[in-house]
Structure formats: C-alpha cells, structure tokens
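Each chain, written out:
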2 protein chains.
Amino acid sequence: MPSKNATIHDVATLSGVSIGTVSAVLNRKGTVSEGTRRRVLDAISELHYRPSAAARRRLQPTTAKSVGLIVKEVNNPYFADVIFGVQDAARELGYHVLVGHTERSYDLEQRLTELLVAKDVDGLIINPLLNEDTDLSHLFEIRWTNVPLVLIESIRGIQANMVDVDNVAAAMEAVDYLVGLGHRRIVHFGGPQYSGHSEERIEGVRRAFIAHRLVMGEDDVVHAGASLEDGYRAALGYFRDREGDRPTAITCYNDLVAIGVLRALRELGLRVPEDVSVVGFDDIDVASYLSVPLTTVRMPRREIGRRATQMLIGSVEAAGKVAPEKVVLETELVVRASTAPPA
Amino acid sequence: MPSKNATIHDVATLSGVSIGTVSAVLNRKGTVSEGTRRRVLDAISELHYRPSAAARRRLQPTTAKSVGLIVKEVNNPYFADVIFGVQDAARELGYHVLVGHTERSYDLEQRLTELLVAKDVDGLIINPLLNEDTDLSHLFEIRWTNVPLVLIESIRGIQANMVDVDNVAAAMEAVDYLVGLGHRRIVHFGGPQYSGHSEERIEGVRRAFIAHRLVMGEDDVVHAGASLEDGYRAALGYFRDREGDRPTAITCYNDLVAIGVLRALRELGLRVPEDVSVVGFDDIDVASYLSVPLTTVRMPRREIGRRATQMLIGSVEAAGKVAPEKVVLETELVVRASTAPPA
DNA sequence: GTGAAAGCGCTAACAA
DNA sequence: TTGTTAGCGCTTTCAC
C-alpha cells in the first residue's frame with residue numbers, strides 16, 4: 001500500500017530493470033522478454049502504479065481532440081437536446097465532448113471551467129449562470145489564456161462568441177397570439193433567478209402587455225422556477241385563493257413548468273384549454289405527447305448546440321484571433337391543443 | 001498566425017526575456033516589472049500562446065479531483081437522474097464529474113474511455129453498451145492501467161465493481177401484478193438491442209409468463225426501443241392490424257416508451273386503463289405528471305449514481321487493490337392510474 | 001527584476 | 001533484449 005503515488009522509477013526499481021524497459025512494456029513494444037515483462041507487470045500491480053497521463057501525453061500528441069461543454073441543469077430535456085447538438089457537430093468535426101453540469105451553483109461553474117481548462121480541452125462552450133453578483137472572472141481568465149470560448153446564453157460585458165435566440169421577441173409572440181385569441185387576463189409563470197433567458201422572457205411578456213395596452217398587475221408574473229415540481233407548486237399556490245378572479249391564459253418559462261401547471265389545473269378541476277389556456281417554452285419532445293398537446297415556443301435546441309460547436313471548432317482551428325461573433329437563431333410558436341379562445 | 005503551437009520559449013524569444021520570466025507572469029508572481037509584463041503579455045497575445053495544461057499540471061498537483069462518467073443516451077431522463085446522483089455524491093466527496101455520452105455507438109464508448117483516461121480522471125463510472133460482438137478490451141485496458149472503475153449495468157466476464165438492480169425480478173413483479181389484476185393477455189414492448197437491462201426485463205416477463213402458465217406468443221414481445229417515438233411508432237404498428245385480438249395490458253421497457261404507447265392508444269381511441277393497462281419502467285419524474293399517471297417500476301436512479309460514486313471514490317482513495325464488489329439495489333412497483341382490472 | 005539550471009514522469013532514439 | 005540519455009513544456013529554486 002504505497003503512501004505516495006508510484007512513478008515509473010519505483011516500478012523500475014522494484015522489478016530491477018530500467019525505466020526504459022518499464023516504458024516499453026507499458027507501451028507494448030514487442031521488445032521485452034516474457035520474463036522481464038512478468039516482473040514488471042507484477043511490480044506495477046504491487047505498487048498499484050498508474051502511468052501519469054499528463055506526462056505521457058506530451059510526446060504522444062495522439063490525444064483525441066475534445067471540447068468541454070458546461071450547462072446548467074442535468075434534469076432538463078432542453079439541455080439534453082443542446083448537448084445532443086453539440087455532440088453531433090463535434091463528432092462530424094472529429095472532436096469528443098466532455099460535459100459538466102453546474103446545477104445552479106455559480107461556484108461549480110468556476111471550478112468546472114478551471115478543471116476543463118486544466119484537462120486541456122481544445123475549447124469550451126458555456127451556458128453561464130446569471131445573477132446580480134455574477135463574477136465573470138473565470139470567463140476572462142479563459143480569454144486571457146487563449147482558450148476558444150462560445151457562450152450559449154448572452155451575457156453583457158464580455159467579448160465572446162455567442163449563440164442565442166431573441167427571447168424577448170419570442171415571449172412577445174406568445175402573448176400576441178393569446179391576445180389574438182381574445183385573452184385579456186394573462187399570467188406568466190417565470191423561471192429561476194439565475195436564468196438570463198427567464199429575465200428576457202419576462203421582459204417580452206411585459207412589452208407585449210404594453211403593446212396591447214393591458215395592465216400588468218403585481219401578481220401577473222409568478223415566480224415559479226424551472227422544473228415540473230416548480231410549475232406544479234406555483235400553480236397550486238396561485239390558484240388556491242383565486243376562485244373568482246382567474247386568468248384565462250398562462251405563459252410559462254419552459255415546458256417543464258407548463259406540464260407542472262397542467263397537472264395542478266387538472267387536480268383543481270380546471271380544463272385546458274376550455275377554462276385556461278397554457279403556453280410553454282422550448283418544445284421539448286414530451287410536449288407533443290401529452291394528452292393535451294402543449295402549445296409552446298420552439299427553441300432550436302440542437303441547432304444551438306450545433307452552431308456553437310461549429311463556431312468553437314472554427315476558432316480552435318483558426319489558431320489565431322478571430323473576432324467574436326454573435327449568432328441569433330429563430331424561434332417558432334408551435335400551436336397545439338392547450339390553447340383556445342377564452343370561454 | 002503561427003503554424004505550430006507556440007511554446008513558452010517562443011513567447012520568451014519574441015518578448016526578449018527568459019522562459020523563467022514568462023512563467024512568472026503566467027503565474028502572476030508579483031516579481032515582474034510592469035514593462036516586462038506588458039511585453040510578455042503582448043507576445044502571448046500575438047503568438048496566440050496557450051500554456052500547455054499537460055505540462056503545467058505535473059508540478060502543480062493542485063488539479064481538482066475528478067471522475068469520469070460514461071452513459072448511453074443524453075435524451076433519457078433516466079440517465080439524467082443517474083448523473084445527478086453521481087454529481088451529488090461526488091461533490092460531497094470533493095470530486096468533479098465529467099460526463100460523456102455514447103449515443104449507442106460502441107466505438108464512441110471505447111474512445112471516450114480512452115479520452116477520459118488520457119485526461120487523467122481519478123476513476124471511471126461506465127454504463128456499458130451491450131451487444132453480441134461487444135469487445136470489452138477498453139475495460140480490460142482500464143483495469144490493467146489501474147484506473148478505478150465501476151459499472152452501472154452488469155456485464156459478464158469482467159471483474160469489476162458494479163451497481164445494478166435485479167431487472168428480471170422487477171419485470172416479473174410487474175407482470176405478477178397485472179396477472180393479479182386479472183390480465184391474461186399481456187404484451188411487452190421491449191427495449192433496444194444494446195441494452196442489457198432490456199434483455200433482463202424481457203427475461204423477467206418470460207419467466208412470469210411461465211410461472212403463471214401463460215403462453216407467450218411470437219408477437220408478445222414487440223421490439224420497440226428506448227424513446228418516446230419508438231414507443232409511439234411500435235404501438236401504432238402493433239395495433240393497426242389487431243382490431244379484435246387486443247392485449248388487455250402492456251408492459252414497457254421504460255417510461256418513455258410507455259408514454260409513446262399512451263399517445264398511440266389515445267389516437268387509436270383506446271382508453272387507459274379501461275381498454276388497456278400500461279406499465280412503464282424507471283419512474284422518471286414526468287410519469288406522475290401525465291393526465292393518466294403511469295404505473296411503473298421505480299428504478300433507484302439517483303441512488304445508483306450515488307452508490308457507484310461512493311464505491312469508485314472509495315477505491316480511488318484506497319490507492320491499493322480492493323476486491324471488486326457488486327451492489328444490487330431495490331426496485332419498487334409504483335401503482336398509479338394507468339392500470340386496472342381488464343374490462 | 002531577471003536569467004540559468006534542475007527536475008517533474010514519461011517516451012524515443014540509440015548504444016550496449 | 002535491455003540500459004542510457006536527451007528531451008517534452010513547464011515551474012521553481014537560486015544566483016546575479
């Protein structure tokens with residue numbers, strides 16, 4: 001049981017050969033006699049020796065190319081699709097993808113970034129967490145150290161490649177549609193604090209209200225969250241004390257929240273879309289599999305991943321400075337059965 | 001635009017200082033004069049120099065500890081929860097997690113394994129792909145090289161740590177339950193080829209049939225797949241030509257397939273559970289959010305991740321050989337509204 | 001403040 | 001078949 005990590009030297013010493021020989025058996029050169037090989041192998045086993053990948057790598061530039069991808073939540077099909085897109089494009093271009101999840105921890109975002117850089121990935125795609133006291137130092141650090149970077153959620157105050165959508169316009173479109181259907185009493189179930197997209201979507205709802213001369217009350221933006229349960233709880237709480245004065249339509253931060261809302265409405269005896277219309281965001285796969293298929297704003301999830309990857313690998317291979325670029329992808333309102341004119 | 005990757009030497013040469021000085025500015029020692037610092041920084045920028053993380057690492061063993069996790073599909077909430085469990089346990093123990101997805105590509109599994117080893121993770125958790133011509137060489141390679149390993153799907157013929165459940169028993173329990181309800185005509189919508197769990201679940205169904213003296217016809221195991229769409233398509237195809245002779249109950253490889261089946265049944269005008277009972281597998285979160293909440297076999301998803309991680313880090317820190325261990329976790333049949341006695 | 005030199009763990013000639 | 005040695009790109013003394 002070695003206290004310190006064994007090195008190739010320890011193995012050489014223990015097996016009574018030179019480090020060159022140990023290296024030879026490590027690399028399966030056929031040049032080692034079976035007897036020596038055995039002794040070396042035994043020593044390796046006894047010392048529980050692990051060749052240091054770091055040291056091996058340098059001379060052997062065979063190491064596969066790879067990009068790091070940092071996303072927010074593992075439990076959200078939205079990100080699953082983004083990841084899929086990244087992997088898809090990366091594979092086409094001959095790169096592997098290593099994924100890290102920050103799970104709302106800003107600290108984790110910093111450390112995962114450092115880790116991936118230390119692991120020598122060729123570039124990084126990050127979906128940054130956002131909040132008031134966001135410290136972008138790790139992102140600047142990255143730029144400083146010349147690691148190619150693409151952000152997949154816009155952030156102000158940093159020069160970097162970005163791929164994003166226009167959430168404000170997308171949310172406005174959703175509200176426009178509901179107003180067009182005749183709705184006047186619309187409530188928005190908003191996303192989490194750390195989400196820039198959530199902020200933008202709320203802003204879009206706000207602007208649509210103004211455009212249609214609707215008044216937005218205190219309670220018209222509910223702080224829900226990003227998960228099924230968040231939507232469910234928020235809706236249960238919201239409708240508990242609103243017997244008479246109900247909205248006729250609800251827009252949600254994302255589809256997960258919408259599905260949670262749907263469940264709450266069902267349990268409260270409210271029919272969708274007859275009593276209440278519901279609109280989601282993202283268009284995750286399951287949205288069209290519900291018994292009342294969900295009207296939602298489709299995010300080009302895979303395309304976001306693909307484009308980000310292409311930009312990233314582009315600047316990896318340019319090997320020189322490339323001016324940061326911002327790509328804005330299209331969203332699309334997908335109308336299904338969860339919306340209808342108010343009764 | 002340098003053709004070759006610049007090294008610290010190039011930076012030193014261009015800025016007219018020694019490599020020691022460059023190293024000092026790289027590491028923010030306060031010992032460099034502002035003028036020199038500027039020149040070095042300029043050179044770094046001009047050469048687009050990236051310090052080689054590989055070379056840096058060796059002396060500076062500050063690198064955070066990390067484990068690699070290789071799973072099959074990104075688009076499956078089952079894995080999202082496993083990943084969550086891994087991350088959770090890893091964080092508690094002071095490790096980071098890097099995730100790779102193989103997306104049914106056996107080749108990718110091999111290469112991701114190599115990549116993660118090359119990146120010097122402290123240990124590896126793998127959910128291996130399975131099929132006839134599965135070549136386990138990368139797994140042996142890993143053992144050989146003394147990288148701690150935990151498998152989260154049982155595989156024969158390899159000595160390794162494993163965390164798994166008893167799928168055969170779990171599937172039997174599901175069928176037992178349906179038979180207890182009075183069902184005699186049960187069909188199983190099976191999973192993909194590459195899944196060991198799928199095989200085992202089919203085997204469980206088979207054994208339950210035998211135990212209850214039910215005959216299993218040719219068509220009673222439908223080859224569906226692992227996704228929403230797989231379930232949907234398979235069910236549509238299956239029921240198309242079976243107007244009269246319908247099963248009264250369906251068990252599915254997983255919840256995604258079950259949700260797909262549910263949609264197909266709805267579109268075919270069949271009611272659940274009145275006309276057909278449906279049982280899923282996994283108990284992903286959304287299962288209880290459906291308008292007809294899904295009866296399903298709960299997999300201890302997070303716990304699988306947690307236990308695997310604890311075993312892994314245990315053997316990482318034991319630093320010596322530890323005898324491989326196999327942990328079998330419990331499943332549980334969760335009865336909801338998608339099952340009922342046959343009409 | 002800066003440079004020279006040793007050494008990290010390993011691979012790859014090249015000798016022996 | 002095996003040992004010796006020169007690096008790989010970098011950090012870190014320790015002189016100057």
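Structure: see above.
Read on for an overview of the structure. Owing to the predicted nature of the structure, the values given are computational and were not obtained by experimental measurement.

1. Examining the relation of the copies chain B and chain A
Then, in step 1: By a simple turn and slide, chain B fits onto chain A: the slide is 0.0 Å along the axis, the RMSD is 0.1 Å, and the turn is 180 degrees. Such a combination of rotation and displacement between the chain copies is what one expects of a two-fold axis.
Then, in step 2: A symmetric contact is evident, with 100% of the interface residues of chain B recurring at the interface of chain A.

2. Side note on the interface of chain B and chain A
Then, in step 1: In this complex, chain B contributes 70 residues to the contact, which on the side of chain A involves 70 residues.
Then, in step 2: Where chain B abuts chain A, roughly 6,200 Å² becomes buried across the two surfaces, and 56% of that area is made up of carbon and sulfur atoms.
Then, in step 3: The tally of links from chain B across to chain A stands at 23 residue pairs in polar contact (both at pLDDT 80 or more).
Then, in step 4: Ranked by residues supplied to the side of chain B that touches chain A, first place goes to helix H6 (residues 106–118) of chain B with seven residues.
Then, in step 5: Split by residue class, the side of chain B that touches chain A holds 37 nonpolar, 16 polar and 17 charged.

3. A few points about the pattern of salt bridges
All names here are of chain B.
Then, in step 1: If you walk through the whole model with that rule in mind, you get 44 salt bridges over all chains.
Then, in step 2: The partner of aspartate 245 in a salt bridge is arginine 185, with the nearest N and O atoms 3.3 Å apart. Taken together, the residues span a long stretch of sequence, with aspartate 245 in the loop between helix H10 (228–240) and strand S8 (249–252) and arginine 185 in the loop between helix H8 (167–181) and strand S6 (186–190) at a distance of 60 residues.
Then, in step 3: In this structure aspartate 245 comes out as partly exposed when scored by relative accessible area, which is 46%.

4. Quick word on the nonpolar core
Then, in step 1: Val163 of chain A together with Val163 of chain B are the most contacted members of the largest nonpolar core, which totals 90 residues.
Then, in step 2: In contact with valine 163 of chain A, not counting residues within four places along its chain, are Val150, Leu151, Ile152, Glu153, Ile304, Arg307, Ala308, Met311, Val327 and Leu329 of chain A.
Then, in step 3: Ranked by size, the runner-up nonpolar core spans 62 residues in total, among them Tyr238 and Leu270 of chain A together with Val187 and Val222 of chain B.

5. Considerations on the pairing of S8 of chain B
Note on strand geometry: in a regular strand, side chains alternate between the two faces of the sheet.
Residue and element names in this part refer to chain B.
Then, in step 1: Of the two faces of S8, both are covered, the one formed by Ala249 and Thr251 as well as the one formed by Ile250 and Cys252.
Then, in step 2: Pairing of S6 with S8, which is carried by four bridges, proceeds in the parallel orientation. Note that in S8 the partner of phenylalanine 189 across the bridge is cysteine 252.
Then, in step 3: By the bridge criterion, three bridges tie S8 to strand S9 (residues 277–282) in an arrangement that is parallel. The partner of alanine 249 across the bridge, within S9, is serine 277.
Then, in step 4: You can see the chain leave S8, run along helix H11 (residues 255–267) and come back into S9, and the turn it takes is right-handed.

6. Points about the packing of helix H10 (residues 228–240) of chain A against helix H11 (residues 255–267) of chain A
All names here are of chain A.
Then, in step 1: Running from amino to carboxyl end, H10 crosses H11 at an angle of 40 degrees, the nearest separation of the two axes being 6 Å. As judged from the angle between their axes, H10 and H11 are oblique. Here H10 and H11 pass one another in a crossing that is right-handed. Contact residues: H10 offers Leu228, Gly231, Tyr232, Ala235, Leu236 and Phe239, while H11 offers Leu256, Val257, Ile259, Gly260, Val261, Arg263, Ala264, Leu265 and Glu267.
Then, in step 2: Of the residues contributing to the contact of H10 with H11, the split by class is 11 nonpolar, two polar and two charged.

7. Thoughts on the sheet that holds strand S6 (residues 186–190) of chain A
Residue and element names in this part refer to chain A.
Then, in step 1: Spatial ordering of the open sheet is given by S7-S6-S8-S9-S10-S12, a layout of six strands whose pairing is mixed. The open sheet is flanked by strand S7 (221–223) and strand S12 (332–334), the only strands paired with a single partner. Neighbour-to-neighbour, the strand axes of the sheet open up by a mean angle of 20 degrees, direction not taken into account.
Then, in step 2: Each of S6, S7, strand S8 (249–252) and strand S9 (277–282) touches helix H9 (residues 196–211); the most contacted strand, S6, lies at about 170 degrees to it.
Then, in step 3: In this fold H10 packs onto S6, S7 and S8, with an angle of close to 140 degrees to the strand it touches most, S6.

8. A closer look at the packing of helix H1 (residues 8–15) of chain B against helix H2 (residues 19–26) of chain B
Residues and elements named next belong to chain B.
Then, in step 1: It is the contact of H1 with H2, at a shortest axis distance of 8 Å, that shows an interaxial angle of 105 degrees. With respect to each other, H1 and H2 are oriented roughly perpendicular. Residues Ile8, His9, Val11 and Ala12 of H1 form the contact with H2, whose participating residues are Ile19, Val22, Ser23 and Leu26.
Then, in step 2: Of the residues belonging to the contact of H1 with H2, the class tally is six nonpolar, two polar and no charged.

9. Some details on H11 of chain A
Residue and element names in this part refer to chain A.
Then, in step 1: Compared with the 18 Å implied by 1.5 Å per residue over 13 residues, the 18 Å span of H11 between its first and last C-alpha is a close match.
Then, in step 2: Within the sequence span of H11, burial applies to Asp255, Leu256, Val257, Ala258, Ile259, Gly260, Val261, Leu262, Arg263, Ala264 and Leu265.
Then, in step 3: Along its buried surface, H11 packs onto helix H5 (77–92), S6, H10, S8, S9 and strand S10 (295–298).
Then, in step 4: Structurally, the start of H11 carries an N-cap: the backbone nitrogen of leucine 256 is 3.1 Å from a side-chain oxygen of asparagine 254.
Then, in step 5: Glycine 269 occupies a position one or two residues after H11 and carries a positive phi of about 80 degrees.

10. Describing the packing of aromatic side chains
Two descriptors summarise a pair of aromatic rings, namely the distance from one centre to the other and the angle between the planes of the rings.
Then, in step 1: Evaluated as defined, the whole model comprises eight aromatic pairs over all chains.
Then, in step 2: Look at tyrosine 238 of chain A and phenylalanine 239 of chain A: their rings are 5.3 Å apart centre to centre, the planes differ by 80 degrees, and that puts the pair in the edge-to-face class. Residue tyrosine 238 of chain A shares its accessibility class with phenylalanine 239 of chain A, and that shared class is buried.
Then, in step 3: Geometry around tyrosine 238 of chain A places arginine 242 of chain A over its ring, the cationic atom sitting 3.8 Å from the centre.
Then, in step 4: Over the ring of phenylalanine 84 of chain B we find arginine 302 of chain B, and its NZ or CZ is 3.9 Å from the ring centre.

Cut-offs and rules
- Residues numbered from 1 in each chain as written.
- Chains lettered and ligands numbered in written order.
- Predicted model: local features only at pLDDT ≥ 70, side-chain atom pairs only at ≥ 80, totals over all residues.
- Heavy atoms only, no water.
- Least-squares fit on C-alpha atoms with pLDDT ≥ 70 in both.
- Contact = heavy atoms within 4.5 Å.
- Buried area = accessible area lost by both parts, 1.4 Å probe.
- Polar contact = N/O pair within 3.5 Å; in protein donor to acceptor, adjacent residues only side chain to side chain.
- Helix = DSSP H or I, 4+ residues; strand = E, 2+ residues; numbered from the N terminus.
- Nonpolar A, V, L, I, M, F, W, Y, C, P; charged D, E, K, R; others polar.
- Salt bridge = Lys/Arg side-chain N within 4 Å of Asp/Glu carboxyl O.
- Buried < 20%, exposed > 50% of the residue type's maximum accessible area, 1.4 Å probe, protein only.
- Core = buried A, V, L, I, M, F, W, Y, C linked by side-chain atoms within 4.5 Å.
- Pairing = 2+ DSSP bridges.
- Right-handed = clockwise from strand over helix to strand, strands pointing away.
- Axes fitted to C-alpha atoms, helices over the stretch in contact; angles between N-to-C directions.
- Parallel < 35°, antiparallel > 145°, perpendicular 65-115°, else oblique.
- Left-handed = near helix turned anticlockwise from the far one by under 90°.
- Expected span 1.5 Å × (residues − 1).
- Phe/Tyr/Trp six-rings, centres within 6.5 Å; stacked < 30°, edge-to-face > 60°.
- Lys NZ or Arg CZ within 6 Å of the ring centre and 35° of its normal.

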